[in-house]
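Inside the fold
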Amino acid sequence: MLKARRIVVKVGSSSLTTASGGLDADRVDALVDVLAKTRTEGAEVVLVSSGAIAAGLAPLGLAKRPRDLARQQAAASVGQGLLMARYTASFARYGLRAGQVLLTAEDASRRAHYRNAYRTLEQLLVMGAVPVVNENDTVATAEIKFGDNDRLAAIVAHVVRADLLVLLSDVDGLYDGDPSKPGSSRIDEVRGPEDLAGVTIGSAGKAGVGTGGMVTKVDAARIATGAGIPVVLTAASHAADALAGRATGTLFHRTGRRSADRLLWLEHASAPRGAVRLDAGAVRAVVERRTSLLAAGVTGVEGDFAAGDPVDLLDENGHIVARGLVNFDVRELPRLLGRSSRDLARELGPEYEREVVHRDDLVVLPDAREH
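Quick caveat: nothing in here was measured; it's all calculated off a predicted structure.

**Digging into the packing of aromatic side chains**
- In total, this model carries one aromatic pair according to the counting rule given.
- Above the ring of Phe-328, the side-chain terminus of Arg-354 is found at 3.9 Å from the ring centroid.

**Considering a nonpolar patch on the surface**
- Together, Leu-60, Val-78 and Leu-82 make up an exposed nonpolar region whose accessible area comes to about 210 Å².
- Structurally, Leu-82 is set in helix α3 (residues 69-92).
- Leu-82 sits in the partly exposed class, given a relative accessible area of 38%.

**Some thoughts on the pairing of strand β2 (residues 44-49)**
- Extensive coverage of β2 is indicated by the burial of six of its six residues.
- Burial along β2 is two-sided: the residues Glu-44, Val-46 and Val-48 and Val-45, Leu-47 and Ser-49 are all buried.
- Note: strand β1 (residues 6-11) against β2, six bridges, orientation parallel. Each residue of the ladder has a partner; that of Arg-6, found in β2, is Glu-44.
- Two strands pair when backbone bridges link them, and β2 and strand β4 (residues 130-135) are joined in this way by two bridges, in the parallel orientation. If you follow Leu-47 over to β4, its bridge partner there is Val-132.

**As for the sheet that holds strand β11 (residues 274-278)**
- Within the open sheet, the five strands sit side by side as β12-β11-β13-β14-β15. Their pairing is mixed. The open sheet has two edge strands with one neighbour each: β12 (298-303) and β15 (357-364). Adjacent strand axes in the sheet meet at a mean angle of 30°, parallel and antiparallel pairs treated alike.
- Each of β11, β13 (310-314), β14 (320-326) and β15 is contacted by helix α10 (residues 280-287), which is oriented at about 110° to β11, the strand it contacts most.

**Examining the sheet that holds strand β5 (residues 164-169)**
- The mixed open sheet is built from eight strands, whose spatial order is β3-β4-β2-β1-β5-β9-β10-β8. Of all strands in the sheet, those bounded by a partner on one side alone are β3 (98-103) and β8 (189-190).
- The strands touched by helix α1 (residues 25-40) within the sheet are β1, β2, β4 and β5, with β2 carrying the most contacts at an inclination of about 155°.

**Let's talk about the environment of Ser-340**
- Mapping Ser-340 onto the fold places it in the loop between β14 and α11 (341-348).
- Residue classification places Ser-340 among the partly exposed positions, given a relative accessible area of 30%.
- For the pair Ser-340 and Glu-353, spaced 13 residues apart in the sequence, the C-alpha separation amounts to 8.4 Å.
- Polar contacts involving the side chain of Ser-340 include one to the main-chain amide nitrogen of Asp-343, which spans 3.1 Å.

**Let's talk about the confidence of the model for the protein**
- Taken as a whole, the protein shows an average pLDDT of 85; of its residues, 87% reach a score of 70 or greater.
- pLDDT under 50 marks residues 204-212. Its contacts with residues more than four places away, or in other chains, come to 22 contacts.

**What about the side chain of Ser-341?**
- Mapped onto the secondary structure, Ser-341 falls in helix α11.
- You can call Ser-341 buried: its relative accessible area is 16%.
- Contact partners of Ser-341, with chain neighbours within four places excluded, come to Leu-294 and Glu-353.

**Examining the side chain of Asp-29**
- Here Asp-29 lies in helix α1.
- Of the polar contacts made by the side chain of Asp-29, one reaches the side chain of Ser-90; its length is 2.6 Å.
- Discounting residues that sit within four places of it in the chain, Asp-29 has contacts with Arg-86, Ser-90 and Arg-93.

The rules behind each value
Residues numbered from 1 in each chain as written. Predicted model: local features only at pLDDT ≥ 70, side-chain atom pairs only at ≥ 80, totals over all residues. Heavy atoms only, no water. Phe/Tyr/Trp six-rings, centres within 6.5 Å; stacked < 30°, edge-to-face > 60°. Lys NZ or Arg CZ within 6 Å of the ring centre and 35° of its normal. Patch = residues over 30% accessible without salt bridge, like charges linked within 9 Å, V, L, I, M, F, W, Y side chains within 5 Å. Areas by Shrake-Rupley, 256 points an atom, 1.4 Å probe, with all protein chains shown as cover. Salt bridge = Lys/Arg side-chain N within 4 Å of Asp/Glu carboxyl O. Helix = DSSP H or I, 4+ residues; strand = E, 2+ residues; numbered from the N terminus. Buried < 20%, exposed > 50% of the residue type's maximum accessible area, 1.4 Å probe, protein only. Pairing = 2+ DSSP bridges. Axes fitted to C-alpha atoms, helices over the stretch in contact; angles between N-to-C directions. Contact = heavy atoms within 4.5 Å. Polar contact = N/O pair within 3.5 Å; in protein donor to acceptor, adjacent residues only side chain to side chain. pLDDT = per-residue confidence, 0-100.

Okay, structure coming up:
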């Protein structure tokens, strides 16, 4: 059994709407019934809810989710109000207040915005409200395909220091093939990447109102479990079992420890402002020995970044091996390339003895760990 004091619950569009795209009040109420019961039993809940675009389809006379960005944003504009109105009324049945938190990819990629999101979510929980998080699709661009909120939910789970992430879908777990076809069976537990070897992971469901699918859910599970947060993936109809800690769906066991907020932000939410090229020795030092990056190992720079910005660290072939917060701006670095810290300090002053990227502000990316 999983016992959790703070739980992030993500629900997809297909679990909240009718096939025609309108909000299904009964489905929303059924979900809120479970969330409210969890609250009365002493756990805190953050809800990450899709559904704004889907909820706006029917009122605007759209038969299905449009492909063009402008109409998606129009649907989100109409649907977000309907979605929150429904949640507000439903939670009010239990004397609970719902607090809307709209985020964009920029809020996740900018460190100051990321920290502001944490403060808002934490204060809502302290004041007894239920935060309802969604992407701000009315002003979104690329993040409209951010992963149907799955990846966002994993990041929110880390931000609020959740004990559990529950991903609710229209499928009751992860299957080793297409669940609609004979011979496919559900995977009850995932302890690491090896448990997913040979598994065919599908895309968005048949309803056509969401953008996610198992790919984004497995990716979200990887982010959360790598940060020390177990994940349960199950059907929305089994939400009560998942939140009560009873066995249901697929349980993804934690694979890592909870890391500093800035490191998870660096790996999964930051937007690099440029890149720094490393020689082979620096790549080995950063990836294998987890040391800081020194100017002596830098061979080139790209982009337009300032000190403190996130940058990608590239190997000799241009592959991204790590990401970190750089200590120099792009105009300073060229004259430092390939030179020892001691020489730089002697010629330019002690402030130039510092690392290009300190190891405490650096994350090695998964594909580079077998470098």
